[in-house]
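# Reading the structure
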Amino acid sequence: MTIAARLEQHLNARGLPFDTVPHPYAATATECAEAAHVPGDHLAKSVLIHMEEGPMLAVLPSNHQVDLSALQAMMQRRLGLAAESEMRELFDDCDLGAAPAVGQAYDVRTVLDNSLTGLDRIWFEAGDHKTLVEMRGKDFDTLMQGAEHGSFCCLH
């Protein structure tokens, strides 16, 4: 697989230019940034969050982690990390742990950390552990207009 079918369809439907960047297998977002030789603060990773109303995708830089307290305060509700089974079910055309940062392609509510807006270039998982999607930052900003925005992460 190079790019997940639903992600590719979503990107093409929006007419936003993107490239795919192959890289050696990497299990984590941090390893992925290293393997692909991209800055960790420009690689968007996704973390599936469990809420009573349904799942939410938190999108943040690969070299950061979700600050659940900050995210709970921002969303004004209790949150937790979603189970692996929920991730597998929602992102069924992706390898486990390689969900793209574009929740809208999967009808998943998405919240984007402010640090990922206004960048020159940005990368994110294409749906497997060997491919990234690369876009201009302004195109990613356009793509993520429907997401909620806030500050909810901290350095590893």
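As shown above, the structure is provided for reference.
Residues numbered from 1 in each chain as written. Predicted model: local features only at pLDDT ≥ 70, side-chain atom pairs only at ≥ 80, totals over all residues. Heavy atoms only, no water.

### Considering the overall build of the protein chain
Each helix and strand counted, the protein chain has five helices and 10 strands in total. Here the protein chain has a C-alpha radius of gyration of 14 Å; the compact-globule value for 156 residues is 15 Å, and the two agree. Overall, the C-alpha framework of the protein chain stretches about 35 × 30 × 30 Å when taken along its three principal axes. Buried residues in the protein chain amount to 51% of all 156 residues. Partitioning the contacts of the protein chain with sequence separation of at least 6, the portion at a separation of at least 24 is 69%. (Helix = DSSP H or I, 4+ residues; strand = E, 2+ residues; numbered from the N terminus. Rg over C-alpha atoms; globule rule 2.2 N^0.38 Å. Buried < 20%, exposed > 50% of the residue type's maximum accessible area, 1.4 Å probe, protein only. Contact = heavy atoms within 4.5 Å.)

### Some words on the packing of aromatic side chains
Evaluation of the coordinates by the stated rule reveals two aromatic pairs. Here the aromatic rings of F124 and F140 are separated by 5.8 Å at their centres, their planes lie at 40°, and the arrangement is tilted. Of the two residues, F124 sits in strand β7 (residues 121-125) while F140 sits in helix α5 (residues 137-143), which places them 16 residues apart along the sequence. When its relative accessible area of 0% is taken as the criterion, F124 is described as buried. (Phe/Tyr/Trp six-rings, centres within 6.5 Å; stacked < 30°, edge-to-face > 60°.)

### Some remarks on the pairing of strand β3 (residues 54-61)
When you tally the buried positions in β3, you get seven out of eight residues, the bulk of the element. Bridge count for strand β2 (residues 43-51) against β3 is eight bridges, and the pairing is antiparallel. By the bridge assignment, L48 is partnered in β3 with L57. Both β3 and strand β6 (residues 109-113) contribute to a ladder of four bridges, which runs parallel. The residue bridging V59 from the neighbouring strand is L112, located in β6. (Pairing = 2+ DSSP bridges.)

### Section: the nonpolar core
Counting residues in hydrophobic clusters, the biggest one holds 31 residues, and the most contacted among them are L7, F91, F124, M135 and F140. For this core, the secondary structure elements donating two or more residues are α1 (5-14), β2, β3, β7, β8 (131-136) and α5. Leaving out residues up to four positions away in the same chain, L7 has contacts with P100, V102, A105, Y106, F124, E125, A126 and V133. Counting residues in each nonpolar core, the second largest holds 12 residues, with V47, I49, M51 and L71 among its members. (Core = buried A, V, L, I, M, F, W, Y, C linked by side-chain atoms within 4.5 Å.)

### Some words on the pairing of β2
Among the nine residues of β2, eight are classified as buried, and the element is accordingly described as predominantly covered. One ladder, built from two bridges, connects β2 with β7; its direction is parallel. Of the residues in β7, the one forming a bridge with L43 is W123. Counting the residues in the hairpin turn of β2 and β3 gives two residues. Pairing between β2 and strand β5 (residues 80-81): two bridges, direction antiparallel.

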